[in-house]
Amino acid sequence: MTPRHLAALVLLVAGVAVLVLTALALVVLPAPYLRLHALSCATSLGAPLVVLALAVETGPGRAAAKLLVIGALLAAGGTVTTMAIGRATVLLEEAQPKESGH
Amino acid sequence: MNAWLLAGVVLSGAGLAPCMWVSARGAPHLRLVGVNLAGTLVAVAFLVLAQGFGRSSYQDLALVLGVLAPAGTLVFTRFLAGDPHRPGPSGTPEPE
């Protein structure tokens, strides 16, 4: 096992652990606002860690650059959608505070 | 079976199940959180499965999903919460 493969495995395990924890946090955290923390952790930490693991495993080159672009897309898209969902939640919770008491 | 395929199995099982659970219950804007996280998890699963199968061309699926999943979520928020340039329901107090 080369040091590079070992580094990739460590990053992969860390990334998958973060993603699974955020999925479990989605169920555990009370709605509607605390759940949004799970979203941002997944896209700003979990996905980039896995993408880094893949890039390390692939080695320097065009393929690694493509992976890093995908990781950046996931991170940027996740940030934007978390804010958009937060805004929609604020507007809808104010509009119907009594019905959605979860 | 290698580490990448194992990661794909873990993400698909332990990751997607809670997302499906949250997506199936509650008000629409509460479900949207589950759908959004599911999009992220599936994109990452595509990446690790592509590596596990040794077919880098499968990464394009993650690239397309990385672009379309956020767009889809933004469309959902637009339909759920209305026009961002108009004050939301709380903007103008309803007459009692």
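Above this text is the structure in question.
Undergrad: Just checking my understanding: could you explain the overall build of chain A for this structure?
TA: Counting its secondary structure elements, chain A contains three helices and zero strands. Its C-alpha radius of gyration of 17 Å places chain A more than 25% over the 13 Å reference for a compact globule of 102 residues. C-alpha atoms of chain A, sized along the principal axes, occupy 60 × 25 × 10 Å. Buried positions account for 46% of the 102 residues belonging to chain A. In chain A, the proportion of contacts linking residues at least 24 apart, taken out of those at least 6 apart, comes to 67%. Accessible surface, chain A as shown: approximately 4900 Å² in total, 75% of it carbon and sulfur. Chain A carries 6 positive and 4 negative side-chain charges, and their two centres are separated by 14 Å.

Undergrad: Looking at this structure, I do not really get the packing of helix H1 (residues 3-28) of chain A against helix H1 (residues 3-23) of chain B. What am I missing?
TA: Between H1(A) and H1(B), whose axes approach to 8 Å, the crossing angle comes to 10°. When the interaxial angle is binned, H1(A) and H1(B) end up roughly parallel. Mapping the contact onto sequence places A:His5, A:Ala8, A:Leu9, A:Leu12, A:Val16, A:Leu19, A:Val20, A:Ala23, A:Leu24, A:Leu26 and A:Val27 in H1(A) and B:Ala3, B:Trp4, B:Ala7, B:Val10, B:Leu11, B:Ala14, B:Gly15, B:Pro18, B:Cys19, B:Trp21 and B:Val22 in H1(B). When the residues that make up the contact of H1(A) with H1(B) are grouped by side-chain class, the tally is 20 nonpolar, two polar and no charged.

Undergrad: So what exactly am I meant to see when it comes to the side chain of B:Thr73 here?
TA: Looking at where B:Thr73 falls in the secondary structure, it is placed in helix H3 (residues 59-81). Aside from chain neighbours lying at most four places away, what touches B:Thr73 is A:Thr81, A:Ile85, B:Leu32 and B:Asn36.

Undergrad: Can you help me understand the interface of chain B and chain A in this one?
TA: For an interface, size is often stated in terms of accessible area lost upon the parts coming together. Each side of the interface is counted separately: chain B has 45 residues, and chain A has 46 residues. Together, the buried faces of chain B and chain A total about 3800 Å²; carbon and sulfur atoms form 80% of this surface. Summed over the shared surface of chain B and chain A, the number is one salt bridge. Taking the shortest distance from any N to any O, the salt bridge between B:Asp60 and A:Lys66 comes out at 2.5 Å. Counting across the interface, chain B meets chain A through three residue pairs in polar contact (both at pLDDT 80 or more). Mapped onto the side of chain B that touches chain A, the elements with two or more residues apiece are H1, helix H2 (28-53) and H3 of chain B. The greatest single-element share of the side of chain B that touches chain A, amounting to 14 residues, is contributed by H2(B). Of the residues contributing to the side of chain B that touches chain A, the split by class is 28 nonpolar, 15 polar and two charged.

Undergrad: In this structure, what is going on with empty space enclosed by the protein? I would like to understand it.
TA: A water-sized probe rolled over the atoms picks out the places where empty space is left. The final tally for this structure, using the stated rule, is two cavities of 30 Å³ or more. The space that makes up the largest cavity amounts to roughly 60 Å³. Lining the largest cavity are A:Thr43, A:Leu74, A:Gly77, A:Gly78, A:Thr81, B:Asn36, B:Gly39, B:Thr40, B:Ala69 and B:Pro70. Mapped onto the lining of the largest cavity, the elements with two or more residues apiece are helix H3 (62-95) of chain A together with H2 and H3 of chain B. Top contributing element to the lining of the largest cavity by residue count: H3(A), with four residues. In the lining of the largest cavity, the residues fall into three nonpolar, seven polar and no charged.

Undergrad: Just checking my understanding: could you explain the nonpolar core for this structure?
TA: Burial of nonpolar side chains together is a common tendency in soluble globular proteins. Among the nonpolar cores identified, the biggest contains 37 residues, and A:Leu12, A:Val50, B:Leu37 and B:Leu41 are the most heavily contacted of them. Broken down by secondary-structure element, the contributors of at least two residues to this core are H1, helix H2 (35-58) and H3 of chain A together with H1 and H2 of chain B. Filtering out sequence-adjacent residues up to four positions away, A:Leu12 remains in contact with A:Val50, A:Ala53, B:Ala3, B:Trp4, B:Ala7 and B:Val48.

Undergrad: So what exactly am I meant to see when it comes to the packing of H1(A) against H2(B) here?
TA: Working note: a packed helix pair is described by the angle between its axes plus the distance between those axes. Packing of H1(A) against H2(B) leaves a shortest axis separation of 11 Å and a crossing angle of 160°. Taken together, the axes of H1(A) and H2(B) are roughly antiparallel relative to one another. Where H1(A) crosses over H2(B), the two elements pack in a sense that is left-handed. Seen from H1(A), the contacting residues are A:Leu12, A:Leu19, A:Thr22, A:Ala23 and A:Leu26; seen from H2(B), they are B:Val33, B:Gly34, B:Leu37, B:Leu41, B:Val44 and B:Val48. For the contact of H1(A) with H2(B), the residue count by class is nine nonpolar, two polar and no charged.

Reading the values: rules and limits
- For every chain, the first residue of the written sequence is number 1, and numbering continues from 1 along that sequence.
- To label them, take the chains in the order written and letter them from A, then take the ligands in the order written and number them from 1.
- Confidence filtering applies because this is a predicted model: local features only for residues at pLDDT of at least 70, side-chain atom pairs given and counted only at 80 or more, and all residues used for totals across whole chains, interfaces and linings.
- Only hydrogens and water are removed before side-chain values are computed, so all heavy atoms of the structure are retained for them.
- Helical segments are the DSSP runs of H or I of at least four residues, strand segments are the runs of E of at least two, and each set is numbered from the N terminus.
- In this setup the radius of gyration rests on C-alpha atoms only. A globule is expected at 2.2 Å times the number of residues raised to 0.38.
- Accessibility here uses a 1.4 Å probe with only protein chains present; expressed as a share of the type maximum, an area under 20% marks a residue as buried, one over 50% as exposed, and anything in between as partly exposed.
- Contacts are residue-level and defined by heavy atoms, with any inter-residue pair within 4.5 Å sufficient.
- Note on areas: Shrake-Rupley, 1.4 Å probe, and residue coverage restricted to the protein chains presented here.
- When charges are counted, neither His nor the chain ends are considered; positive counts come from Lys and Arg and negative counts from Asp and Glu.
- Note that the charge is assigned to NZ on lysines, CZ on arginines, CG on aspartates and CD on glutamates.
- To get an axis, a line is fitted to the C-alpha atoms, and for a helix only the part in contact is used. The angle between two axes follows their N-to-C directions and goes from 0 to 180 degrees.
- In what follows, roughly perpendicular refers to angles from 65 to 115 degrees, roughly parallel to angles under 35, roughly antiparallel to angles over 145, and oblique to any angle outside these ranges.
- Just so you know the grouping, Ala, Val, Leu, Ile, Met, Phe, Trp, Tyr, Cys and Pro go in nonpolar, Asp, Glu, Lys and Arg go in charged, and all remaining residues, Gly too, go in polar.
- In short, buried area is how much 1.4 Å probe accessible area vanishes from two parts on joining, totalled over both.
- Each reported salt bridge corresponds to a side-chain nitrogen of Lys or Arg within 4 Å of a carboxyl oxygen of Asp or Glu.
- Polar contact criterion, stated in full: a pair of N or O atoms within 3.5 Å, where within protein one must be able to donate a hydrogen and the other to accept it, and residues adjacent in sequence count only if both atoms are side-chain atoms.
- Within this scheme a cavity is a closed region of a 1 Å grid, computed over the protein atoms alone, that accommodates a 1.4 Å probe without allowing it to escape, whereas a pocket is open but has protein on both sides within 12 Å along at least five of seven lines; lining residues each have an atom within 4 Å of a point.
- Grid points are joined across faces, edges and corners, and a volume is the space filled by probe spheres set on the points.
- In plain words, nonpolar cores are sets of buried Ala, Val, Leu, Ile, Met, Phe, Trp, Tyr and Cys residues tied together by side-chain atoms within 4.5 Å.
- Each crossing gets its handedness from the near helix: less than a right angle anticlockwise from the far helix is left-handed, clockwise is right-handed.

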